[in-house]
Amino acid sequence: MLERLNGLLVQAGIVITDQQKSQLVQLVELLHKWNKAYNLTSVREPEAMLVKHIMDSLVVSPHLQGERFIDVGTGPGLPGLPLAIINPDKQFVLLDSLGKRIRFIRQVILELGLTNVTPVQSRVEDYHPEQGFDGVLSRAFASLEDMLTWCHHLPATDGRFLALKGIYPAEELASLPAGVSLIASHALKVPELEGERHLLEFNVTRP
């Protein structure tokens, strides 16, 4: 699996350390193991997880500006865990309302020795951190409007929303909530993944 990961990283032009590669493989192995009992993801095969979960997360990394990030509706830690592994200098809060997902993330943190990840079990509207985030990440929300409405309190003053989407959501962008503006749109290239992927960056003007 390490050889397969190496090939995907080369295709994506991502350079990371041998230790980080090993941790990413361990993450896939743990996800595969836990998935049998806890049904954390519909992706069953480790080979497919490398593409659909690991690489799909890692391609976001060049667009992370700042030091503090929150992954809202992280599920089994995606994209937060892969991003935390290859960005040890950044801090990540992984938020999810389901206990089994947070238990899995805690186990990953323990086994991989991650020191830059904080798992939080909470609904997003009930989570009020003392300090805002440089980036609010999500690939879980069905609509941009939901993400921007429910997470409006999470960014720092100059923080950004980073929404992972499939095809470019032109209709959704036409009806953004007031005070929200699209800063940038990035077409992401995920090796061997069928279909489009986009990362959209927003900022919010507070009243």
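Preceding this paragraph is the structure being described.
These numbers come from a predicted model, not from an experiment.

Each value, and the rule that gives it
Going along each chain's sequence as written, the residues are numbered from 1 onward. Reporting in this predicted model follows two pLDDT cut-offs: at least 70 for local features of residues, and 80 or more for side-chain atom pairs to be given and counted; totals over whole chains, interfaces and linings ignore these cut-offs and use all residues. With hydrogens and water set aside, each side-chain value is computed from the structure's full complement of heavy atoms. Think of it this way: any DSSP run of H or I at least four residues long counts as a helix, any run of E at least two long counts as a strand, and we number them from the N terminus. We compute the radius of gyration over the C-alpha atoms and compare it with the globule rule, which gives 2.2 Å times the number of residues raised to the power 0.38. Categorising residues by exposure relies on relative accessible area from a 1.4 Å probe, with only protein chains included: less than 20% of the type maximum marks a residue as buried, more than 50% marks it as exposed, and the intermediate range marks it as partly exposed. For helices, the fitted axis covers only the stretch in contact; all axes are lines through C-alpha atoms, and the angles between them, taken along N-to-C directions, range from 0 to 180 degrees. By definition, turning the near helix anticlockwise from the far helix through less than a right angle yields a left-handed crossing, and turning it clockwise yields a right-handed one. Contacts are residue-level and defined by heavy atoms, with any inter-residue pair within 4.5 Å sufficient. For two strands to count as paired, DSSP must find a minimum of two bridges between them. When the strands point away from the viewer and the path from the first strand over the helix to the second turns clockwise, the crossover is right-handed.

Caption draft 1: Just the overall build of the protein chain, in detail. The number of helices and strands found in the protein chain is seven helices and seven strands. In the protein chain, the succession of helices and strands from N to C terminus is α-α-α-β-α-β-α-β-β-α-β-α-β-β. Taking 2.2 N^0.38 as the reference for a compact globule, 207 residues should give roughly 17 Å; the C-alpha atoms of the protein chain span a radius of gyration of 16 Å, in line with that estimate. When its C-alpha atoms are laid out on the principal axes, the protein chain stretches across 50 × 30 × 30 Å. Residue burial in the protein chain is summarised as follows: out of 207 residues, 51% are buried.

Caption draft 2: Quick look at the packing of helix 1 (residues 2–12) against helix 2 (residues 18–38). Here helix 1 crosses helix 2 at 115°, and the two axes come no closer than 10 Å. The crossing of helix 1 and helix 2 is right-handed. Counting all contacts with helix 1, which are made through Leu2, Leu5, Asn6 and Leu9, the residues of helix 2 involved are Lys21, Ser22, Leu24 and Val25.

Caption draft 3: Focus on the pairing of strand 4 (residues 133–138). Of all six residues that make up strand 4, five are buried, and the element is covered over most of its length. As paired elements, strand 1 (residues 68–72) and strand 4 share three bridges and run parallel to each other. Its bridge partner being in strand 4, Asp71 is matched across the sheet by Leu137. Direction of pairing for strand 4 relative to strand 5 (residues 155–165): parallel, over a ladder of five bridges. Paired with Gly135 across the strands is Arg160, a residue of strand 5. The parallel pair strand 4 and strand 5, bridged by helix 6 (residues 144–150), forms a crossover whose chirality is right-handed.

Caption draft 4: Spatial organisation of the sheet that holds strand 6 (residues 180–187). Strand order across the open sheet formed by seven strands is 3-2-1-4-5-7-6, with mixed pairing between neighbours. The sheet terminates laterally at strand 3 (117–121) and strand 6, the two strands that pair on one side only. In this sheet, neighbouring strand axes are inclined to one another by 20° on average, regardless of whether the strands run parallel or antiparallel. As judged from the seven bridges shared by strand 6 and strand 7 (residues 198–204), these two strands associate in the antiparallel manner. What sits directly across from Val180, in strand 7, is Val204. Each of strand 2 (91–96) and strand 3 touches helix 5 (residues 99–112); the most contacted strand, strand 3, lies at about 165° to it.

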